[in-house]
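A closer look at the structure
Spelled out from the first residue to the last, the chains are:
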There are 2 protein chains.
Amino acid sequence: MSFSPLIRQLIDALRILPGVGQKTAQRMSLQMLERDRSGGLRLAQALTRAMEEVGYCRQCRTLSEEELCPQCADPRRDDSLLCIVQSPVDVFAVEQTGFRGRYFVLKGHLSPLDGLGPEAIGIPELLGRVADGNFSEAILATNPTVEGEATAHYIAQLLIPKGLTLSRIAHGVPLGGELDLVDGGTLAHALAGRKTITL
Amino acid sequence: MSFSPLIRQLIDALRILPGVGQKTAQRMSLQMLERDRSGGLRLAQALTRAMEEVGYCRQCRTLSEEELCPQCADPRRDDSLLCIVQSPVDVFAVEQTGFRGRYFVLKGHLSPLDGLGPEAIGIPELLGRVADGNFSEAILATNPTVEGEATAHYIAQLLIPKGLTLSRIAHGVPLGGELDLVDGGTLAHALAGRKTITL
Ligand SMILES: [Zn+2]
Ligand SMILES: [Zn+2]
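Everything quoted here is computed from the prediction, not taken from an experiment.

Some details on the pattern of salt bridges
All names here are of chain A. This structure, assessed with the given rule, holds 16 salt bridges over all chains. Arg58 is paired through a salt bridge with Glu67; the nearest N and O atoms lie 2.9 Å apart. Ionic pairing is found between Asp74 and Arg76, a salt bridge with its closest N-O pair at 3.3 Å. On the basis of relative accessible area, Asp74 is assigned to the buried category, the value being 9%. In this structure Arg76 comes out as exposed when scored by relative accessible area, which is 70%. By sharing partners, the salt bridges in this structure join Asp74, Arg76, Arg77, Glu95 and Arg100 into a single network.

Right, here's the structure in full:
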């Protein structure tokens, strides 16, 4: 009761957003209906276009509706440095530190128990990218979790024999944390303090 | 930089939602793109329909795409009780208390300095609703602010001469609260409105 069917549907639909419960979804719905319908319609259009058109960058596999994402399309970047992350949001986090090399975005981390092996997370595409590029160093910026460490170790074993210097972001990032929740200063320190990995 | 144009547009569009800043909008966007595109498209559809089709209930003026909202269409309510609130979200709050009379929803409160007089907040429609109905009591449930009090006072002066009993929701200490956390004005109201205890 209490809300009409279309308002109830809007409240329910908003709850797919992370961190949005019933009460927040109600406030969002009524505020848009009462004060910003054109903003609500713009949001609907932006959602439709993004959900239908955004794919993956051909080169780094981050989310992008263009064949090359802004980072891959930028000619003024350091082509000798490759930063390997496990999610598109981490590209944004690393960009904030001032890093201006190239990226490769894995689809998460290795998780054998969930059946997520090297193919599932994009390791073949990473090897293809490395073969096509001219990198001297690859920075492993997977999350500082057990799975992120294991994924970094696995990649190091594959890439060191190819003549690359492999480094891991320093443990200035808190263990067990998620990379995109770390503040920019901490992440910048972690990048600057990265350590070369040897086998 | 860092996000492709359609993703940037989605992040910007999400920021019209109350309480959603840049970081939250990023997380929402990437989570939908990576894990729930069908949910994102359902949200877009729900937004479009609600923004385009939701109007106002003919009788109580709450938000509704139907001519009569669920509360006005319900035949099993007490037609002698009218609860007057200043926003559609307040209908939901009062419903939660178990109230099962009728409602009238003002468009905010009187605010002469902002040029919001009786016509702007729907007083003529309220008088029409009272004339059409058969109410014996009207409960003034405008917000417990200076403006809400002034609006309640204004309405009481109009409706008492029409033979209705007018009441105002009680001010007092919130249930479950701690006395020393209650502001002085509220506590003064609670003291003044004290009730005799009988055994
Ligand atoms: Zn790219
Ligand atoms: Zn109604």
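That shown, we press on.
With respect to the coordination of the zinc ion (ligand 1)
Residue and element names in this part refer to chain A. Looking at the zinc ion (ligand 1), one finds its protein donor set to be Cys57 (SG), Cys60 (SG), Cys69 (SG) and Cys72 (SG), positioned 2.3 Å from the metal centre. Classification of the site at the zinc ion (ligand 1) rests on its four donor atoms, whose angles at the metal span 103 to 119 degrees, yielding the label tetrahedral. For the zinc ion (ligand 1), the donor residues sit on a single chain with the sequence spacing C-x2-C-x8-C-x2-C. On the criterion of sequence distance, the pair formed by Cys57 in the loop between strand 1 (55-56) and strand 2 (63-64) and Cys72 in helix 4 (residues 70-73) is long-range, its members being 15 residues apart.

A few points about the nonpolar core
Counting residues in each nonpolar core, the largest one holds 47 residues, and the members touching the most others are Leu47(A) and Leu47(B). For this core, the secondary structure elements donating two or more residues are helix 1 (5-14), helix 2 (22-35), helix 3 (37-53) and helix 5 (88-95) of chain A together with helix 1 (5-14), helix 2 (22-35) and helix 3 (37-53) of chain B. The residues contacting Leu47(B), other than those within four sequence positions of it, are Leu10(A), Met32(A), Gly40(A), Leu43(A), Ala44(A) and Leu47(A).

Let's talk about helix 5 (residues 88-95) of chain B
When you tally the buried positions in helix 5 of chain B, you get six out of eight residues, the bulk of the element. Where helix 5 of chain B is concerned, the buried positions are Pro88(B), Asp90(B), Val91(B), Phe92(B), Val94(B) and Glu95(B). Tucked into the core, helix 5 of chain B has its buried residues touching helix 2 of chain A together with strand 2 (63-64), helix 4 (70-73), strand 3 (81-85) and strand 4 (102-105) of chain B.

Overview of the coordination of the zinc ion (ligand 2)
The zinc ion (ligand 2) binds to the protein through Cys57(B) (SG), Cys60(B) (SG), Cys69(B) (SG) and Cys72(B) (SG), with metal-donor distances spanning 2.3 Å. Of note is the zinc ion (ligand 2), whose four donor atoms meet at the metal with angles of 102 to 118 degrees in an arrangement that counts as tetrahedral.

A closer look at the sheet that holds strand 4 of chain B
Residue and element names in this part refer to chain B. The strand order across the open sheet built from four strands is 4-3-5-6, with neighbouring strands paired in parallel fashion. The two strands at the open ends of the sheet, each matched to only one other strand, are strand 4 and strand 6 (165-168). Adjacent strand axes in the sheet meet at a mean angle of 25 degrees, parallel and antiparallel pairs treated alike. Pairing between strand 5 (residues 137-140) and strand 6: four bridges, direction parallel.

What about the environment of Arg194(A)?
All names here are of chain A. Mapped onto the secondary structure, Arg194 falls in the loop between helix 9 (184-192) and strand 7 (195-197). Along the backbone, Arg194 and Ile139 are 55 residues apart, and their C-alpha atoms lie at a distance of 7.8 Å. In this structure, Arg194 is in contact with Leu81, Glu137, Ile139, Ser167, Arg168, Ile169 and Ala170, ignoring residues within four places of it in sequence.

Section: the confidence of the model for chain A
All names here are of chain A. Per-residue confidence for chain A gives a mean pLDDT of 91; residues scoring 70 or more make up 96%. Of all helices and strands in chain A, the one with the weakest mean pLDDT is strand 7 (74), whereas helix 3 scores best (98). With pTM at 0.82, the complex prediction returns an ipTM value of 0.84.

What to know about the side chain of Thr62(A)
In this fold, Thr62(A) is placed in the loop between strand 1 and strand 2. Those residues in contact with Thr62(A) that sit more than four places away from it in its chain are Gly55(A), Tyr56(A), Cys57(A), Cys69(A), Pro88(A), Val91(A) and Val105(A).

The rules behind these values
- Residues numbered from 1 in each chain as written.
- Chains lettered and ligands numbered in written order.
- Predicted model: local features only at pLDDT ≥ 70, side-chain atom pairs only at ≥ 80, totals over all residues.
- Heavy atoms only, no water.
- Salt bridge = Lys/Arg side-chain N within 4 Å of Asp/Glu carboxyl O.
- Buried < 20%, exposed > 50% of the residue type's maximum accessible area, 1.4 Å probe, protein only.
- Donors = N, O, S within 2.8 Å, 3.2 Å for Na, K, Ca; no water.
- Tetrahedral: all angles 85-135°; square planar, octahedral: opposite > 155°, others 65-115°.
- Helix = DSSP H or I, 4+ residues; strand = E, 2+ residues; numbered from the N terminus.
- Core = buried A, V, L, I, M, F, W, Y, C linked by side-chain atoms within 4.5 Å.
- Contact = heavy atoms within 4.5 Å.
- Pairing = 2+ DSSP bridges.
- Axes fitted to C-alpha atoms, helices over the stretch in contact; angles between N-to-C directions.
- pLDDT = per-residue confidence, 0-100.

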